[in-house]
Structures are given as structure tokens and as C-alpha cells.
Amino acid sequence: MTRQSLAIAGAMTAALVAWAAVLPAGAEPAAAAPALLRDMPLTIGAGDLPSALSAFSQATGLQILVDPRLVVGRHTDGANGSFRLDDALTRLLSGTGLDFAAEGDSVVVKPASTTPKIEGRTGKEPAPAERTTAAASIPQEIVVNGYRDSISRSLAEKRDADNVVDSVSSEDIGKFPNQNVAEALERVPGVSITRDRGEGLFVRIRGLDPSFAITTLNDRSISVAENVRDSGQNARQFRFDTLPTELVSAIDVIKSPTADRDEGGIGGIVNIRTFRPFDLDHNTLALSSSGSQATLADRLDSHVSGLASWVGDDHRLGFLLSAVDDQRSLRQDRVLGPTWTLYPEGIPGLTSKAPVIDASGIRPTLETERRQRKGFNAAAQWAPDEAWEVNIDLMVTDLQVRYDEKSYSADWNISKAVPGSVVIADGAVVSALAPATSQIGREQSELEHKSWTLGVNPKYRMAEWTLSLDSVYSRTDSDTPQPIRRSRLDGPIGLVAFSLPGTADSVPSLTYLNANLDDVGVVPGRRLEWRTEKASDEDEALQFDAEHSLDLAAFKTVRMGVKLRDRGHNYDRRDILVTDSVAGRDFSAGYFDSFPVSDFLAGAGGNLPRRWLVPDTSAFYTLMDPALLATPLTSSDHRNSYTVNERIGAAYLMSRIEGRLFDRPLRGDVGLRFASTRQTSSGYADDGTGGATPISVTKTYGNWLPSVNLASDVTSDLVFRVAAARVITRPNLTQLGPQLTLNSSGTILTAVGGNPNLRPYQAWQYDASLEWYFGKGSALSAGVFYKDIDSFVFNQVSTIDDGGLSYQLTAPVNGGRASVFGAEFAYQQMLSFLPEPFDGLGLQANYTITGTEATYYDIASNRRFTDSLADVARHSATLIGFFEKGPIGLRASYSWRGDVLSQVGTNGLSQYNDRAFGSLDLNLTYAVGQHLSLVLEGSNVTGAVQTQFVTGPSGTGRFFAGYTDYGRTALAGLRIKY
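Predicted model, so just to flag it, every value in this text is computed and none were measured. (Residues numbered from 1 in each chain as written. Predicted model: local features only at pLDDT ≥ 70, side-chain atom pairs only at ≥ 80, totals over all residues. Heavy atoms only, no water.)

Caption draft 1: Looking closely at the environment of Ile 266. Here Ile 266 is to be found in the loop between strand S13 (248-254) and strand S14 (268-274). Ile 266 sits 464 residues away from Arg 730 along the chain, and the two C-alpha atoms are 9.5 Å apart. With residues near it in sequence (within four places) discarded, Ile 266 still touches Leu 208, Phe 212, Val 727, Ile 728, Thr 729, Tyr 761, Gln 762, Ala 763, Gln 765 and Lys 787. (Helix = DSSP H or I, 4+ residues; strand = E, 2+ residues; numbered from the N terminus. Contact = heavy atoms within 4.5 Å.)

Shown next as C-alpha cells:
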């Protein structure tokens, strides 16, 4: 069955009840709308009626409005030939006991014997105050006409919501080249994403760092996958690369909270909704298969998915299964950033006494990955009578990654540069001739993220009460089935001439005067690094809710509930270094592989070596004594590992409001939530001599979190909203762990530590917006927001001694106050007023601007100062154009995010800033009959690259810090639905 017919089944009968409530009694049948008087050829075969109506909608561009239960199980003889459209509909409905009525460019299907045809309306929807409560939570139109109707439904949900929320439906997700859910959300106002190897990874809401957003699944808390590739753990950010879009029916981005939802997201809440059988309402089978290729990876990948749903004739019992198997080959050509070093009084003997910065070196890197993502979703619904309903949801995902990194470095000593060769611009060394060392390395690993979530939700309705019990258990295991193995060679390579680029699309130029990196023996061995990482994240919760109808002034319902949640996160890491059989040794050709590509960094400006020696991991690891694997854990292993447990008890009370203000309809909610958190951080601390001693820190705190959301229908097509709430974001679990990670691989010794005594971010937030719904599926909105953060967390750099060595320690501390403020603008319009065929065109656009200000404390100078918050995207925007007419669907989406600054506050030059980045995606679909669609998609079709920069000592100038090119991706496939 087509995607459009799935949309029929997704709506509920209450929508028709709402329409009927505003129609005049005994209305006379209306003449057929002009749109139905057209003649056109149709090829709609005999079969089930929902599919036939969907095919009619696709071919004609007309919207079909229908109660799904009217058409399930009914059949039609079809319509083949040239017809006037009203005659074609009559033929399709012949013998079904159904009739239709025209309403503008829409058609309402209804029982022939009971419902008079509907008078045409003015094009404006009834004011929300006139809608029934049952209809307020669903789209006001049941449509079966593809992407344009999907975004119309999302817009209707936004309009009817009491709080500030944006939604994306499955039609929207399925009709764009989305590798995962994060990329589907990129088109929501105020949302931008961070990418990893070209694939969406984390979500930013209103520019804030991803850790300020929480993710729920069917309104339930869920476990998260952890980064087990390097030292960048977080344990709060949901990794969207683990979740295929095919398992998702809709996504809500909730920007103003309500008291009944989980606390923890100052940025907002992303709620993922999965498919359930009653949503589809009838038996459904959907299959898709496609092949894709990333231009740089040069390998064809397969993608298959399927969904099957069964609902009993009495609509009492339903089952749904969906699954996906997705393979993806990735390649990134990169030049990783240097370690910029500040010389406060210039470089001795080479420059003046003015402050100057030097890059110290660069590291060209070739990364390849082979990913396989599997997902499975099962749902069962049982409604034995009008009082009871039981929902059971199970989701299982498995992401396997094989990673291979090949790199070399040029690490120069600027203090020994050839006199007269140093060139300085805006306080930075941009070129010089200096002696250097080079590290040639290879890293190979296998990573895996396994996750499963089971939720059970019985509901019972009696008289004026609705009782609900919701339980969930979620667990995610992230580990390295094949350890991370690094082979390192390092040594002096004579003089190197370098020049840093002045443009974003270039990489540094680099010339080795005395060495060839492709020659065996150019540098001796340094060491082998062997690492395993394992993280487990468990989240279990039990929630009880009760709702009671009221008729007390403006208070229409009272809702109350309690929730108990137990969250446990464990992270273990082990490292083994091998130097005895490697350091200083020259290796023969048998220890190396040939360089695998001939076009490394082919699209970048700049001139540097584009091939080099590639260590053979298997050959090098024959030098590692297997007995090392049985040795006891070291003090560093202990200090790298930690466990954090959170036990959260929450209770809330809220009421829904309906009334009038200044004689205009007013709706909304007011509530209060209290959350008590008991947090225990366990691990190992530095004992002052380089050893580790066990430590456990318990911290308890409580938060009162009031919230209010109000929406007023100023006119029938103008909605004004205001919202206010007290919100929190708990620090990420890695920050709370008492671990200490030492990094001795570079020329500068660094360390990263945690702080179990951190307090959560706390903030008051405020929203106001004005939304103009000026046509069907069309709106223009503008909103402002402000967040006043009481105590934010920032990284503070200090110096520690460990084992006789001095390290620069970066650790989190609570700071002073911070504020986040900004505005959102969104526009959506169906251009149906244009002459054919241009009436199939539509536009979407949004833009968000975010400003920040924070107070920092600099431990070195013992002073407080004001700066921006780190990792906030100040600007983000999306522009979408689409065309749908008959069997053709075409969409183009351009998403852009401005600079993201990390080099703020107490963060030093080692914090790189992300330069502005935009990506263009395309999608073309063609419907071949009722059940088959062909699909062509392209991601990042312009081949945009991501770059990073640092600023000079005076805050001016932009200097190279990183370059990443992951190329384009093309996909071709087919979709079959019955």
C-alpha cells in the first residue's frame, strides 16, 4: 500500500466529528468543485479501496479526507480511461456504500446514506476554540497526498499544541535522503546537527550544545550509546546514527516543557515515536530496497527494510513488525588540526616581543569505515473493550563499525626555524622553514553499539478518570569486539617548508626537503598501542499517571503522576603500550601495505604529500607479547574507568486550561514538577604518586520545576503563544565521574578529569511567538526565547603533576551565570494558486539566531570575565523547495549552520572553532502505478567540506585548524506498499 494510504489510516474519527460540529444542519448538496470538473486519463486498477483512493490523490493532486474505518476492507472495480474527476470518484466508490463531497481542492468521503454533502468553506479553518477536545491533538485534515500533506499535518499539530513544539512525520522522513533521524530533524526550525563522517550524529536545539537536549522514545526515557573510539565520552547525548529512520513514525521537538515530561533538557526534548498497529488501522505490507554509493568510498552499499502490520476486523487487537538492514561505506579525507601554541613574548631570536601563535604541526589523515546498522521494531496493541488499552513496544538496534585510519604528521620546531624564513600575519606564523619530526601511524578497530528497549503501557478509563501505568527497561552496550590497535613510527625527517592556507577550501602546503614518506625506513618505530573500551548504559523507569476531567472555571482537567527512574552508566578502559620490540627499530617492506587510494585530498587546494607508508597492523602486532593481555590493570586503567548511578524520583501536578481572555479563546496548561536526584560517582582518584585509590562520591539534590504554556487564537488564523518554565540539565556522566585520563602521545602532555561534585545547570526559560496560518498547509511564524542559566559548567585548565611529569589538566567546574537568547522564524506555503503544473510547488524556510553571554573564572589570573558560551551555533537556517504533481515528487533541501565557537571563556587555543557549513540534499520519486515507487536521492550534492579555525592572540584573523571532506552520496531504490 502506498505511503499516502498509510496517512489515511494514521488519522482518527474525531477529526470528522470536529468538522461536522461546524457545518450548518441540513446543508444542501453543493455543486462539484471546479477541481473535480477536469477531464484527465486515469489508470487505477481493481483492488482495495484505500490504495485506489491514494492512487487517485497522487494522479490528480486532490486531497482525500476520510475516516479510515470507512474504507478498510472495502474494494473497488477501479477507473481506467479518460474521465471527469467527479465521475471517476463515483466509479471508484460504486458499490461501497460511500459517497463524496467536494470542499475546495479537497474531497470528503463518507457514508452515502447518512451524511449530506459538505458546503464549500471560505478556506479558513474554524478557530481552535470551536474544535472538540478529542480533535485538538490530531491533524484537522486526513490526507493521502504525499510530502506536502505530511508537512501540513505537522503544521496542524503545531497549531493545536498548547506548548511550543515542532513535528516531523514519517512521510517527511521517508521522502528525504536521511541516513538517520538526526538528518530528518535538521529541517525543523531551531534545530541543527553535528555530523560524524558525513552522517548526522547529535542534535542541537536553538544552537545549544547537544548535551542540553534529551531524547525519549514514545515519551519514555532511554539508554544511550557511548563513544568508544577515543576519550570523548559524554553519556547524555543520544547517538542518532544508531537509529534508522524506517523504525520511526514521527518525531517531536518540544521546546517548552510541560510538567508531565522528563526534566533534563534546557535546550529541549526530542521525542521519537515508533509505528503502532492501531496507527495504521488496517493490514499493511511495505518493502523497500536501495543501493547507495559514497563517491569517495567507491563501493556500492545495500539497504533493505520492511514493515508488516495486522489489525483485527473489530479493531481490538493489532500487531506490527518492522526491520531494516543498512550498510554504508564511508571515507573521509582530512587534515587534522595542529596544536596551536601561544608565545606571549614572541619566538626568541625569530620574532618581535609581540604575542605570536604557531601551529606546531599538522596531521593529514585518511579514514575509512564500513558500517552495518540493523534495527527491529515490534508493537502490539490490545483494546478488549472501551475501558482498557494495552501498548507493548520493543525496539532493538545494532550498529557495527569497522574503522581504519592512516595518517602521518609534520611536527616542526619553530624555535629552530631557518632565520628569515618565518612569515607572520595577524599574530600567527603562517609559513616557515624548520626542522621537523614525523609520526606515521595506522589505527584499526571494530566498534559495536547494541541497544534494546521494552515498554509496556496499560491504560484504564472509567467515568471521568483515566489511569495509566508505564514501565520501560532500556540497555545499550558499546564496546570494542576487536581492540583498538595503533602502530606508530616516529623520527626526525630534516627540514620541512610549510605554508598555512588563507581560504577555507585549502589545506596547508607542506614540502619535505630531506625525506620521502613513501620510502621504507624513513622513520624508525615508536610504539604499539592496544586499547579496549566498554560502556554499558541502563535506564529503567516506572511511571503512574492519573487524569480527571474538571469543570472548574478555566480548569478542564487535572493530571498528576509519579515516576521512579534508575540510571546506571559504567565505563571501562584498558591500555597497553608496547615499546621494547618496536622503539628505534627500522622495519622492512613486509611490515607495510600499499597506500589504498590515488585521489587523497583531490578536491583541496594546497600541496602536500598525498601518499605515505601504511603500517600492516597484523604484521606489527606479531611483535606484541600475548602475555601482556593477562597482566593486571594499571593505575591509569583504573583512573580511566568510572561508574555513575542516578536514582531519580519525580512527581507532578498539572491542569489543562480552556477559557477566554479579552474575549478571545485561550488554552494551555500550568503545572509543577519536583525531581529528587541521588547521584553516586565511583572510580579511582590519583593518590599523588601516580597510583590510583578507590573513591565514591554521593550527592543528593532536588529541583522544583514550575511551567506554564498559554496559546490564544487572536483571530481565526493568528495564534499567539507564551511559555515560561524552570528547567535543568544534568552534567554529562563523564564530567561526573572521578576519572583521570592522561594523554602522553603528543609533544604537550595533557589530561582530562571529572568532577563528582558538579551541580546541574539550572535555568528559567521564556518563550513568545506569533503564528499566522494564512492558508491550507501554509504559515508564517516568529518567536523569541530567553534562557537565564544560574550555574553553568565550563572547562577549567590547570597544571597537575603525575609520576614526575607535568600535565595540563582540563576539568569541569560550575561557573557563574549565563544567558541564552534568540529568535526563530519559519515560513511554509503551498503554491496551489499557481497555474498548472506549477500548482504542485511548495516552499519551506526557517532561520534561528542565538546569542549567549556567560561569566567565567580564570584560575591562572584569579579574575572573572564575560564571554560567550562554548559550542553554540549562532546562526542556522534551512530552505526547502518541493514539487508534487501526479506521480512525480521532487524535493531540494539546503541546511546551513554558522560558525560554532569553542575558543571562548577559559578554553585555550586547543579548542577549535567550526566554520560555517551548509549541505544540499535532493530527492526524486516516481510512482509507477498504485504500489511501486522509484527513488533517486543525493546527499551533500555540492561536495561541501567541513573546516575548523582558531583566532589569533588579539582575537583577529582566522587560521587553519582542520579540514574534512566526506564527499557526496547517491542512492537509487524502489518502494513497494500494499
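Caption draft 2: Structural detail: the pairing of strand S20 (residues 361-382). Pairing of strand S17 (residues 317-336) with S20 involves 20 bridges; the strand directions are antiparallel. Bridging from a neighbouring strand, Asp 326 pairs with Arg 373 of S20. In this sheet, strand S22 (residues 410-412) lies alongside S20 in antiparallel orientation, the contact comprising two bridges. Following the sheet pairing, Ile 362 is matched in S22 by Ala 410. Pairing analysis gives 18 bridges linking S20 to strand S21 (residues 388-408), with the strands arranged antiparallel. (Pairing = 2+ DSSP bridges.)

Caption draft 3: Looking closely at the nonpolar core. By size, the foremost hydrophobic cluster in this structure holds 62 residues, and its most contacted members are Trp 340, Trp 412, Ile 414 and Leu 510. The element best represented in this core is strand S24 (residues 428-462), accounting for seven residues. Setting aside its immediate chain neighbours within four residues, Ile 414 contacts Tyr 343, Ile 347, Leu 350, Asp 358, Val 422, Val 429, Ala 432 and Phe 498. In terms of nonpolar packing, the next biggest core, distinct from the first, is built from 28 residues, Phe 212, Tyr 642, Val 793 and Ala 818 among them. (Core = buried A, V, L, I, M, F, W, Y, C linked by side-chain atoms within 4.5 Å. Buried < 20%, exposed > 50% of the residue type's maximum accessible area, 1.4 Å probe, protein only.)

Caption draft 4: Expanded view of the sheet that holds S13. The strand order across the open sheet formed by five strands is S8-S13-S14-S11-S12, and the pairing between neighbours is mixed. The open sheet has two free edges, formed respectively by strand S8 (165-169) and strand S12 (220-221), since each of these has just one partner strand. One ladder, built from two bridges, connects strand S11 (residues 213-217) with S12; its direction is antiparallel. Opposite Thr 216, over in S12, you have Ser 221 as the bridge partner. Packing of helix H6 (residues 147-160) onto the sheet brings it into contact with S8, S13 and S14, and relative to S8 it is tilted by some 155°. (Axes fitted to C-alpha atoms, helices over the stretch in contact; angles between N-to-C directions.)

Caption draft 5: A look at the pattern of salt bridges. Inspection of every chain in the model, using the stated rule, returns 71 salt bridges. Where Glu 367 meets Arg 334, a salt bridge forms, and the shortest distance between an N and an O atom there is 3.3 Å. Of this pair, Glu 367 sits in strand S20 while Arg 334 is found in strand S17, placing the two residues 33 residues apart along the sequence. Across the pair Lys 556 and Asp 551 runs a salt bridge, and its minimum N-O distance is 3.7 Å. Under the relative-accessibility criterion, Asp 551 is labelled exposed at 69%. (Salt bridge = Lys/Arg side-chain N within 4 Å of Asp/Glu carboxyl O.)

Caption draft 6: Summary view of the side chain of Arg 565. Along the chain, Arg 565 turns up in strand S28 (residues 555-578). For Arg 565, a relative accessible area of 16% corresponds to the buried category. Within the structure, the side chain of Arg 565 is placed 2.6 Å from the side chain of Asp 539, a separation counted as a polar contact. Sequence-distant contacts of Arg 565, that is, excluding residues within four places in its chain, are made with Ser 221, Asp 539, Glu 540, Ala 541, Glu 646, Arg 647 and Ile 648. (Polar contact = N/O pair within 3.5 Å; in protein donor to acceptor, adjacent residues only side chain to side chain.)

Caption draft 7: Examining the confidence of the model for the protein chain more closely. Chain-level statistics for the protein chain give a pLDDT mean of 85 and a share of 88% at 70 or above. Element-level mean pLDDT values for the protein chain span from 29 in helix H2 (residues 14-21) up to 97 in strand S30 (residues 614-615). Note that pLDDT drops below 50 for residues 1-32; the model gives that stretch 90 contacts with residues more than four away or on any other chain. (pLDDT = per-residue confidence, 0-100.)

Caption draft 8: Structural detail: the packing of helix H3 (residues 49-60) against helix H5 (residues 85-93). The contact between H3 and H5 brings their axes to 11 Å, and the two run at 170°. Judged by the inter-axis angle, H3 sits roughly antiparallel to H5. Residue-level contacts link Leu 49, Ala 52, Leu 53, Phe 56 and Thr 60 of H3 to Leu 85, Ala 88, Leu 89, Leu 92 and Leu 93 of H5. Residues of the contact of H3 with H5, tallied by class, amount to nine nonpolar, one polar and no charged. (Parallel < 35°, antiparallel > 145°, perpendicular 65-115°, else oblique. Nonpolar A, V, L, I, M, F, W, Y, C, P; charged D, E, K, R; others polar.)

Caption draft 9: Focus on a nonpolar patch on the surface. A surface patch of nonpolar side chains, amounting to about 650 Å² of accessible area, comprises Ile 888, Leu 890, Leu 924, Tyr 926, Val 928, Leu 934, Leu 936 and Leu 974. Only strand S46 (888-897), strand S49 (917-928) and strand S50 (932-939) provide two or more residues apiece to the nonpolar patch. Counting residues per element, the nonpolar patch draws most heavily on S49, at three residues. Looking at the element boundaries, Tyr 926 is found in strand S49. On the basis of relative accessible area, Tyr 926 is assigned to the partly exposed category, the value being 41%. (Patch = residues over 30% accessible without salt bridge, like charges linked within 9 Å, V, L, I, M, F, W, Y side chains within 5 Å. Areas by Shrake-Rupley, 256 points an atom, 1.4 Å probe, with all protein chains shown as cover.)

Caption draft 10: Molecular detail of the pairing of S8. Among the five residues in S8, five count as buried, and that is most of the element. Every second residue of S8 is oriented toward a common face, with Val 165, Ser 167 and Ser 169 on one face and Asp 166 and Val 168 on the other, all of them buried. Across five bridges, the pairing between S8 and S13 is antiparallel. Bridging from a neighbouring strand, Asp 166 pairs with Val 253 of S13.

Caption draft 11: Seen up close, the side chain of Thr 557. Mapped onto the secondary structure, Thr 557 falls in strand S28. For Thr 557, a relative accessible area of 15% corresponds to the buried category. Dropping the residues within four chain positions of it, Thr 557 is found in contact with Glu 547, His 548, Ser 549, Leu 550, Met 654, Ser 655 and Arg 656.

Caption draft 12: Here's a closer look at the environment of Arg 573. Topologically, Arg 573 is positioned in strand S28. Sequence separation between Arg 573 and Glu 533 is 40 residues, and the spatial gap between their C-alpha atoms is 4.5 Å. Among the polar contacts made by the side chain of Arg 573, one reaches the side chain of Asp 575 at a distance of 2.7 Å.

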